[in-house]
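What follows is the residue order along each chain.
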Amino acid sequence: MAIRNVRTEGEDVLRMICKPVSEVNDGTRRLIGDMYDTMYATDGVGLAAPQIGVVKRIVVIDDREGHKFALINPKITAKSGTQRSCEGCLSLPGYRGEVDRPQEVTVEALDEYGEPITLHAKDFLAVICCHELDHLDGILYKDLAVNYERV
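The residue numbering used here restarts from 1 in each chain and proceeds along that chain's sequence as written. Local features in this predicted model are restricted to residues of pLDDT 70 or higher, and side-chain atom pairs are both shown and tallied only at a pLDDT of 80 or more, whereas totals for entire chains, interfaces and linings draw on every residue. Hydrogens and water are ignored here; the side-chain numbers use all heavy atoms of the structure.

Peer 1: How do you make sense of the overall build of the protein chain when you look at a structure like this?
Peer 2: What counts as a helix is a DSSP run of H or I of at least four residues, what counts as a strand is a run of E of at least two, and both are numbered from the N terminus. On a plain count of helices and strands, the protein chain comes out with three helices and eight strands. Each helix and strand of the protein chain, placed in order from N terminus to C terminus, yields the pattern α-β-β-β-β-β-β-β-α-α-β. For 151 residues, the compact-globule estimate of 2.2 N^0.38 gives 15 Å, and the C-alpha radius of gyration of the protein chain, at 14 Å, lies within 12% of that figure. Taken over the C-alpha atoms alone, the protein chain extends approximately 40 × 30 × 30 Å along its principal axes. Throughout, exposure labels follow a simple rule: accessible area from a 1.4 Å probe, protein chains only, divided by the maximum for the residue type, with under 20% read as buried, over 50% as exposed, and the rest as partly exposed. In the protein chain, buried positions account for 45% of the 151 residues. Any two residues whose heavy atoms approach within 4.5 Å are treated as being in contact. Restricting the contact set of the protein chain to residue pairs at least 6 apart, pairs at least 24 apart contribute 65%. Charge assignment in this entry is limited to Lys and Arg as positive and Asp and Glu as negative, and neither His nor the chain termini are counted. We put the charge of a Lys on NZ, of an Arg on CZ, of an Asp on CG and of a Glu on CD. Charge-centre separation for the protein chain: the mean point of 18 positive side chains lies 4 Å from the mean point of 25 negative side chains. For the radius of gyration, the atom set is restricted to C-alpha positions; the globular benchmark scales as 2.2 Å times the number of residues to the power 0.38.

Peer 1: Looking at this structure, how should I read the layout of surface pockets?
Peer 2: Any empty space left between atoms is shown by rolling a water-sized probe over those atoms. Considered as a void within the structure, the largest pocket measures approximately 440 Å³ in volume. When contributions to the lining of the largest pocket are tallied by element, the ones reaching two or more residues are β4 (83-87), β5 (95-101) and α2 (124-135). A per-element tally of the lining of the largest pocket places α2 first, with five residues. Its residues assigned to classes, the lining of the largest pocket shows eleven nonpolar, eight polar and four charged. The distinction between a cavity and a pocket rests on a 1 Å grid over the protein atoms alone: a 1.4 Å probe fits inside a cavity but cannot get out, while a pocket stays open yet meets protein on both sides within 12 Å along at least five of seven lines, and a residue with an atom within 4 Å of a point counts as lining. Grid points are joined across faces, edges and corners, and a volume is the space filled by probe spheres set on the points. One number sums up the size of the second largest pocket: a volume of about 170 Å³. Together, 14 residues line the second largest pocket, and Ile 76, Lys 79, Cys 130, Leu 133 and Asp 134 are the ones closest to its centre. Put simply, Ala, Val, Leu, Ile, Met, Phe, Trp, Tyr, Cys and Pro go in the nonpolar bin, Asp, Glu, Lys and Arg in the charged bin, and everything else, Gly too, in the polar bin.

Peer 1: Help me out: how do you make sense of the pairing of strand β7 (residues 116-122) in this one?
Peer 2: Remark: a regular strand shows side chains that alternate across the two faces of the sheet. Two strands are counted as paired when DSSP detects at least two bridges linking them. For strand β6 (residues 104-110) and β7, the ladder comprises seven bridges, and the chain directions are antiparallel. The partner of Glu 104 across the bridge, within β7, is Lys 122.

Peer 1: Explain the nonpolar core here, please?
Peer 2: In terms of nonpolar packing, the biggest core is built from 18 residues, with Ile 61, Leu 71 and Leu 119 touching the most fellow members. Where this core is concerned, the elements lending two or more residues are β2 (58-62), β3 (68-80), β6, β7 and α2. Here this core takes six residues from α2, the largest share from any one element. Ignoring any residue separated from it by four or fewer positions in sequence, one finds Ile 61 in contact with Tyr 36, Met 39, Val 45, Gly 46, His 67, Lys 68, Phe 69, Leu 71, Leu 125, Ile 128, Cys 129 and Glu 132. In plain words, nonpolar cores are sets of buried Ala, Val, Leu, Ile, Met, Phe, Trp, Tyr and Cys residues tied together by side-chain atoms within 4.5 Å.

Peer 1: How should the packing of aromatic side chains be read in this particular structure?
Peer 2: Aromatic ring pairs are reported here in terms of the distance separating the ring centres and the angle at which the planes meet. Planes of paired rings set the category: under 30 degrees apart is stacked, over 60 is edge-to-face and the rest tilted, where pairs are Phe, Tyr or Trp rings (Trp by its six-membered ring) whose centres lie within 6.5 Å. The tally for this structure, following the rule as stated, stands at three aromatic pairs. Seen in terms of ring centroids, Tyr 95 and Tyr 148 are 5.1 Å apart; in terms of plane orientation they differ by 5 degrees. Their pairing is stacked. Of this pair, Tyr 95 sits in strand β5 while Tyr 148 sits in strand β8 (residues 147-150), placing them 53 residues apart in sequence. Classification of Tyr 148 by relative accessible area gives partly exposed; the value is 29%. Ring-pair connections join several aromatic residues into one group, and the members of that group are Tyr 95, Tyr 141 and Tyr 148.

Peer 1: Any chance you could explain the environment of Thr 82 here in plain terms?
Peer 2: Locating Thr 82 in the fold gives a position in the loop between β3 and β4. With a relative accessible area of 67%, Thr 82 lands in the exposed category. Placed 54 residues apart in sequence, Thr 82 and Thr 28 show a C-alpha to C-alpha distance of 34 Å. The contact partners of Thr 82, leaving out residues within four places of it in the chain, are Arg 101, Pro 102 and Gln 103.

Here it is, written out as structure tokens:
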């Protein structure tokens, strides 16, 4: 696997709407491996494919509390409650912002073997899911932030 360069604000790829993955194969799994390596090397808890310049609907998440997974073609199918989260982003280094997010979400996706999965996430994991899935539609957390500042 390999560590890839994280794209930062101003690069067009971060504003693109990503394409669905049509086939989950060894190339997809290599990309997912690279995404995990890149996420861990930068001390992140989530990474979306466009953050490494790939316009595909794939995210990886590891909340460091036992929830680690790749989501291919993910969709939020339900959400409830609200919470205000303090967020940062590997693509917006040196900034933080507060964002209103759902307290709980249900996400349907494919896993790294192409099998359907349903994820029920709440609290911090729900924030990570929403943040990463936004990347797949060209949305950065700063677009939604009620406060956004340099740290």
